[in-house]
Amino acid sequence: MTNPVNTNSAGTNKTVLQRFMNIPQPDDKIQVMYIWIDGSGQNLRCKTKTVDEEPHKPEDLGVWNFDGSSTGQAEGGNSDVYIKPVALFRDPFRLGKNKLVLCETYSHDMRPHSTNHRYTCNAVMSTDVVKKIIPWFGIEQEYTLLDRDGHPFGWPKNGYPGPQGPYYCGVGADKVYGRDVKEAHYRACLYAGVKIAGSNAEVMPAQWEFQIGPCEGINMGDHLWMARFLLHRVAEEFGIAVSLDPKPMLGNWSGAGGHCNFSTEEMRSPGGLEHIKAAIEKLSKRHRKHLLYYDAHGGADNVRRLTGRFETCSMDQFKTGVADRGSSVRIPRQVYADGLGYLEDRRPASNCDPYLVSEILVRTIILNETN
């Protein structure tokens, strides 16, 4: 479970802050927040610099650096790690011409950092054979809202809410906790230019889901990581923490996944169902390999989640089916009826790295890797 948040009140007066945010910003002074993934492979870091012109693409911004010894990415004696802008978004907090930019990390010798999984993913997505197939991805990101004490938001402090059942897509103060965060996050994503497709309350109370996609190639990882940043940043405004732990509460409570929907142009065309079935057959032969890429700790986190309960298939087996939420890889009912569409890989955990997930799917299904 996520480490408990400091229980002391850390809130500030937003009305006072707004007085300063209302101060006119010079036209030739733009704030750009650089954002990157730290050494944990799960957390995001950020810092802001001022530029003199509004950037319109990542290449308009220069390479910067940070103290990698404070993020688990370098030693103190050689601590500078470079950050290279790769995906630009509008800033829903500062508004105006201000921007958010997602960055790749590079070591002191300008080689991709060992934690920079985007680099290898982009190399795969940029090959001619992959671009010709036009791979689309969509990830269903589940997450849990936590109070300052690390307990699920809205849960009784000395007990538990009622059993699961009325909470999924629920309505009412006794069924959903934290809708304000969900709504604020959705609007922030739309403003920023993140390809958010939808959202809903999940099976466990205080658990929510948003969907990103469809995205082609490397955009899947870029848009999901930015959506995660916006989620943490929005929740911060409410004094609430976000957990992407795949099993935040032990016992009879659902875990949290990052189900990945995948398709190629062939799958989306008439007769595509046969291509979907062929892809699932390839996935079945690399089940163990994929599990290494599907959570933040090489499969260790999914041990708690993929148990065969709570709409999961045990990680010890590979199972597929139509509309079967207890399968490893599922063919949605509408896809089966239409004879074309996409497959849903239900194995990725909520804390997965979308760059790793999308890369291994392409390597197995399109590039036919078998090792």
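Preceding this paragraph is the structure being described.
Residue positions are counted from 1 within each chain, in the order its sequence is given. Local features in a predicted model are, by the rule used here, given only for residues with pLDDT of at least 70; side-chain atom pairs are given and counted only at 80 or more, and totals for whole chains, interfaces and linings are based on all residues. As a rule here, side-chain values cover all heavy atoms of the structure and leave hydrogens and water aside.

Enquirer: Before we move on, can you summarise the overall build of the protein chain with the specific residues and values?
Expert: Within the protein chain, the regular secondary structure consists of ten helices and 13 strands. Every radius of gyration here is taken over C-alpha atoms, with the globule rule written as 2.2 Å times N^0.38, N being the number of residues. Taken over the C-alpha trace, the protein chain has a radius of gyration of 21 Å; the compact-globule value for 371 residues is 21 Å, and the two agree within 12%. Here the term buried applies to any residue with accessible area under 20% of the maximum for its type, exposed to any over 50%, and partly exposed to those in between, with areas from a 1.4 Å probe on protein chains only. Looking at the protein chain as a whole, 50% of its 371 residues qualify as buried. Considering only contacts in the protein chain between residues 6 or more positions apart, those separated by 24 or more positions represent 66%. Accessible surface area values rest on a Shrake-Rupley calculation with a 1.4 Å probe, where residue burial reflects the displayed protein chains alone. With the model as given, the accessible surface of the protein chain reaches about 17,100 Å², and the carbon-plus-sulfur share is 50%. Across the protein chain, 43 positive and 44 negative side-chain charges occur, with their mean positions spaced 2 Å apart. Runs of H or I in DSSP of at least four residues are treated as helices and runs of E of at least two as strands, each being numbered from the N terminus. Here, two residues are considered to be in contact whenever any of their heavy atoms come within 4.5 Å of each other. His is not counted, nor are the chain ends, whereas Lys and Arg count as positive and Asp and Glu as negative. For the purpose of locating charges, the reference atoms are NZ of Lys, CZ of Arg, CG of Asp and CD of Glu.

Enquirer: Give me the lowdown on the pairing of strand S10 (residues 258-263), citing residues and values where you can.
Expert: Walk down a regular strand and you will see the side chains alternate between the two sheet faces. Counting buried residues in S10 gives six out of six residues, a clear majority hidden from the surface. Here S10 shows a buried face lined by Gly-258, Cys-260 and Phe-262 and a second buried face lined by His-259, Asn-261 and Ser-263. Sheet topology note: the S10/strand S13 (residues 343-345) ladder contains three bridges and is antiparallel. Among the inter-strand pairings, Asn-261 is bridged to a residue of S13, identified as Glu-344. Any two strands are treated as partners once DSSP identifies two or more bridges connecting them.

Enquirer: Can you break down the nonpolar core residue by residue, with the values?
Expert: Residues belong to a common nonpolar core when they are buried Ala, Val, Leu, Ile, Met, Phe, Trp, Tyr or Cys residues joined through side-chain atoms within 4.5 Å. Formed by 63 residues in total, the largest nonpolar core has its most connected members in Val-194, Ile-212, Met-226, Phe-262, Leu-343, Leu-361 and Ile-365. For this core, the leading source of residues is helix H5 (residues 219-237), giving ten residues. For Ile-365, the residues in contact, after removing those within four places along its chain, are Phe-262, Met-267, Ala-279, Lys-282, Leu-283 and Leu-343. Ranked by size, the runner-up nonpolar core spans twelve residues in total, among them Ile-30, Phe-66, Val-81 and Val-101.

Enquirer: Could you give me a rundown of the pairing of strand S1 (residues 30-37), with the residues and numbers involved?
Expert: Of all eight residues making up S1, seven are buried, and the element is well covered by its neighbours. Linking S1 to strand S2 (residues 44-51), which pair antiparallel, is a turn of six residues; within it Gly-41 sits at a positive phi near 75°.

Enquirer: Which residues make up empty space enclosed by the protein, and what values go with them?
Expert: Grid spacing is 1 Å over the protein atoms alone, the probe is 1.4 Å, and a cavity is where that probe fits but cannot get out, while a pocket is an open set with protein on both sides within 12 Å along at least five of seven lines and lining residues have an atom within 4 Å of a point. Grid points are joined across faces, edges and corners, and a volume is the space filled by probe spheres set on the points. Across all of its chains, the model carries three cavities of 30 Å³ or more by this definition. Estimates place the volume of the largest cavity at around 100 Å³. Around the largest cavity sit Ile-37, Leu-102, Cys-103, Glu-104, Thr-105, Thr-115, Asn-116, His-117, Arg-118, Asp-353 and Tyr-355, which together line it. Elements with a contribution of two residues or more to the lining of the largest cavity: strand S5 (99-106) and helix H2 (117-125). When residues in the lining of the largest cavity are grouped by element, the largest group, four residues, is from S5. Grouping the amino acids of the lining of the largest cavity by side-chain chemistry returns four nonpolar, four polar and three charged. Lining the second largest cavity are 13 residues, and of these Leu-306, Cys-313, Ser-327, Ser-328 and Arg-347 lie nearest its centre. Asp, Glu, Lys and Arg are counted as charged, while Ala, Val, Leu, Ile, Met, Phe, Trp, Tyr, Cys and Pro are counted as nonpolar; the rest, among them Gly, fall into the polar class. Counted by class, the lining of the second largest cavity contains three nonpolar, six polar and four charged residues.

Enquirer: Can you break down H5 residue by residue, with the values?
Expert: An ideal rise of 1.5 Å per residue puts 27 Å on 19 residues; H5 measures up with 27 Å between its terminal C-alpha atoms. Following H5 by one or two positions, Gly-239 adopts a phi angle in the positive range, close to 70°. Given the number of residues in a helix, its expected span is that number minus one, multiplied by 1.5 Å.

Enquirer: Can you break down the environment of Val-32 residue by residue, with the values?
Expert: With respect to the element layout, Val-32 can be found in strand S1. For Val-32, a relative accessible area of 0% translates into the label buried. Val-32 has contacts with Lys-47, Thr-48, Lys-49, Val-51, Pro-55, Leu-61, Lys-99 and Val-101, leaving out every residue within four places of it along the chain.

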